[in-house]
Amino acid sequence: MRRLEGKIALVTGAARGIGEAIARAFATAGAFVYLTDINDAQGAVVAGQIGAEAAYRRLDVREEADWQCVTTEITGRHGRLDIVVNNAGITGFEDGMVAHDPEHASLDSWHAVHRTNLDGVFLGCKYAIQEMRRTGTGSIINISSRSGLVGIPAAAAYASSKAAVRNHTKTVALYCADQGLAIRCNSLHPAAILTPMWEPLIGPPGAEREQRMKEFVWDTPLRRFGTPEEIAAVALLLASDEVTYMTGSEITIDGGILAGSVARPSVD
Ligand code: NDP
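All of these numbers come straight from a predicted model, not from anything done at the bench. Residue numbering note: each chain is counted from 1, following its sequence as written. Residue-level local features of this predicted model are given only where pLDDT is at least 70; pairs of side-chain atoms are given and counted only at 80 or more, and the full residue set underlies all totals for whole chains, interfaces and linings. The side-chain values count all of the structure's non-hydrogen atoms but skip hydrogen atoms and water molecules.

J.: Please set out the overall build of the protein residue by residue, giving values where relevant.
T.: When its secondary structure is counted, the protein shows eight helices and seven strands. Here the radius of gyration uses the C-alpha set of atoms, whereas the globule reference equals 2.2 Å times the residue count to the power 0.38. For the protein, whose C-alpha radius of gyration is 18 Å, the value lies close to the compact-globule estimate of 18 Å for 268 residues. Think of it in three bands: with a 1.4 Å probe and only protein chains considered, a residue is buried below 20% of the maximum accessible area for its type, exposed above 50%, and partly exposed in between. A burial count over the protein gives 49% of its 268 residues as buried. Throughout, a contact is declared for two residues whenever any of their heavy atoms are within 4.5 Å. In the protein, 68% of the contacts between residues at least 6 apart in sequence involve partners at least 24 apart. Here a helix means four or more residues in a row that DSSP labels H or I, a strand means two or more in a row labelled E, and each is numbered from the N terminus.

This is how it looks when you write it as structure tokens:
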């Protein structure tokens with residue numbers, strides 16, 4: 001089904017992982033997709049694989065000038081921007097395990113995580129609204145996390161930034177409604193989706209990696225990692241015109257983790 005026929009989409013952090021899966025799903029559904037990232041080589045490869053329905057542009061989500069440049073180009077060429085997925089995000093563990101607990105995290109690392117995860121989403125929403133205002137309609141999808149809904153002792157900045165994304169999503173949704181715009185804004189809250197983001201945490205192939213992977217999902221009711229395609233399927237629904245009454249909503253895609261508590265009582 002060509003559920004996004006004729007729509008113009010922009011996805012951040014689309015060179016790999018969840019962003020890549022979303023870009024591929026949108027193009028298959030009929031959208032023209034701008035894949036954006038800071039990994040230019042990989043982004044161009046993925047856009048090339050998708051083919052005529054995609055293009056790659058460099059967009060560092062932290063840089064307002066990049067947002068201005070890319071969104072101006074898109075509306076200049078197509079006259080519209082229908083879908084923006086604010087997906088790019090970092091954990092703070094890209095270079096290996098460092099202290100990210102509330103007592104020992106450095107202020108620099110706290111700021112770095114917020115700059116990508118929160119400032120990036122703020123700018124993405126800002127330029128999405130400005131460009132979508134031309135048609136008065138659109139769908140903004142912010143990729144938050146399960147970590148935006150609960151505290152994470154060892155990843156304080158990540159959890160804080162993702163919680164802020166959840167809240168800002170609702171502010172954007174209400175602002176657009178106040179303005180009389182049919183621009184919807186919703187957040188997705190994945191957990192344990194097997195992407196390259198996990199590589200520094202689970203290590204190289206081998207028995208230890210298998211053991212670490214098991215440990216990471218021990219409390220997941222579905223007892224496995226999710227796939228990027230399982231997030232893309234929900235993003236596709238939010239991007240389509242099938243759920244036009246949904247705005248300011250949050251959807252968890254976490255194998256059931258947040259359906260209960262970790263210490264599940266058997267009866268009482
Ligand atoms: P990946 O690390 O696999 O991919 C993220 C992509 O974003 C990379 O290509 C990365 O480039 C790019 N990127 C990083 N910083 C910037 C920036 N400043 N501007 C533009 N692009 C940037 O991540 P995932 O696919 O796993 O995650 C995607 C989103 O989903 C993130 O927001 C993440 O927090 C969220 N999420 C992921 C979960 C998971 O289990 N995977 C669970 C919950 C939420 P480079 O490689 O060069 O750094």
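J.: Give me unusual backbone geometry: which residues, what numbers.
T.: Here Ala192, not a glycine, exhibits a phi torsion of approximately 50°, which is positive. By the element assignment, Ala192 lies in the loop between strand 6 (182-190) and helix 6 (199-202). Relative accessible area serves as the criterion here: at 15%, Ala192 is assigned to the buried category. The backbone of Arg223 sits at a positive phi, close to 60°, despite the residue not being glycine. Along the chain, Arg223 falls in the loop between helix 7 (207-216) and helix 8 (228-239). A relative accessible area of 62% means that Arg223 is categorised as exposed.

J.: Kindly report on the site of the ligand, identifying the contributing residues and their values.
T.: Around the ligand sit 30 residues, and of these Asn87, Tyr158, Ile193, Thr195 and Trp198 come closest. The definition of a polar contact used here is a pair of N or O atoms within 3.5 Å, where within protein one atom must be able to donate a hydrogen and the other to accept one, and adjacent residues in sequence count solely through side-chain atom pairs. Take Val61: an N or O atom from its main chain is 3.0 Å from a nitrogen atom of the ligand. Lys162 places a polar side-chain atom, nitrogen or oxygen, 2.8 Å from an oxygen atom of the ligand. Here the open area of atoms and residues is found with the Shrake-Rupley method and a 1.4 Å probe, where only the protein chains shown may cover a residue. About the coverage of the ligand: the protein hides 92% of its 900 Å² of free accessible area. Elements represented by at least two residues in the shell around the ligand include exactly helix 1 (17-28) and helix 5 (156-178). Residue polarity is assigned by list, with Asp, Glu, Lys and Arg as charged and Ala, Val, Leu, Ile, Met, Phe, Trp, Tyr, Cys and Pro as nonpolar; anything else, Gly included, falls into the polar class. Each residue belonging to the shell around the ligand can be placed in one class, and the counts come to 16 nonpolar, nine polar and five charged. In these notes, residues near a molecule or strand are those with any non-hydrogen atom within 4 Å of it.

J.: Go over the nonpolar core with me, naming the residues and quoting the values.
T.: What we call a nonpolar core is a set of buried Ala, Val, Leu, Ile, Met, Phe, Trp, Tyr and Cys residues that are connected through their side-chain atoms within 4.5 Å. Core analysis: the biggest nonpolar cluster contains 34 residues, and Ile22, Phe26, Val33, Leu35, Ile141 and Leu188 have the highest contact counts within it. Mapped by element, the contributors of at least two residues to this core are strand 1 (8-11), helix 1, strand 2 (32-37), helix 2 (40-50), strand 3 (54-58), strand 4 (83-86), strand 5 (137-143) and helix 8. When residues in this core are grouped by element, the largest group, seven residues, is from helix 8. Not counting the four nearest positions on each side in its chain, Phe26 is found in contact with Leu4, Ala9, Val11, Ala31, Val33, Ile83, Val85, Ile141, Ala235, Leu236 and Ala239. Ranked by size, the runner-up nonpolar core spans 28 residues in total, among them Ala55, Ile74, Tyr127 and Ile129.

J.: Please give an account of the packing of helix 4 (residues 107-132) against helix 5 that cites residues and values.
T.: At a minimum axis separation of 9 Å, helix 4 and helix 5 run at an interaxial angle of 15°. As far as their axial angle goes, helix 5 and helix 4 are roughly parallel. Crossing angle aside, the handedness with which helix 4 passes helix 5 is right-handed. Only Ala156, Ala157, Tyr158, Ser160, Ser161, Lys162, Ala164, Val165, His168, Val172, Tyr175 and Cys176 of helix 5 make contact with helix 4, whose side of the interface consists of Trp110, Val113, His114, Asn117, Leu118, Val121, Phe122, Cys125 and Ile129. Simply put, an axis is a line fit to the C-alpha atoms, just over the touching stretch for a helix, and the angle between two N-to-C directions goes from 0 to 180 degrees. Throughout this description, any angle smaller than 35 degrees is read as roughly parallel, any larger than 145 degrees as roughly antiparallel, any in the 65 to 115 degree range as roughly perpendicular, and the remainder as oblique. Left-handed is the label given to a crossing in which the near helix is rotated counterclockwise from the far helix by less than a right angle, and right-handed is the label when the rotation is clockwise.

J.: Got a sec to walk through the environment of Ala155? Specific residues and values, please.
T.: Looking at the secondary structure, you find Ala155 in the loop between strand 5 and helix 5. C-alpha of Ala155 to C-alpha of Thr75: the two residues are 80 residues apart in sequence and 38 Å apart in space. Ignoring anything within four residues of it in the chain, the contact list for Ala155 reads Phe93 and His100.

J.: Can you break down the environment of Ser144 residue by residue, with the values?
T.: The topology assignment puts Ser144 in the loop between strand 5 and helix 5. Judged by its relative accessible area of 3%, Ser144 is buried. Each C-alpha atom, one on Ser144 and one on Asp119, is 13 Å from the other, the two residues being 25 residues apart in sequence. Separated by 2.9 Å, the side chain of Ser144 and the backbone oxygen of Lys162 make a polar contact.

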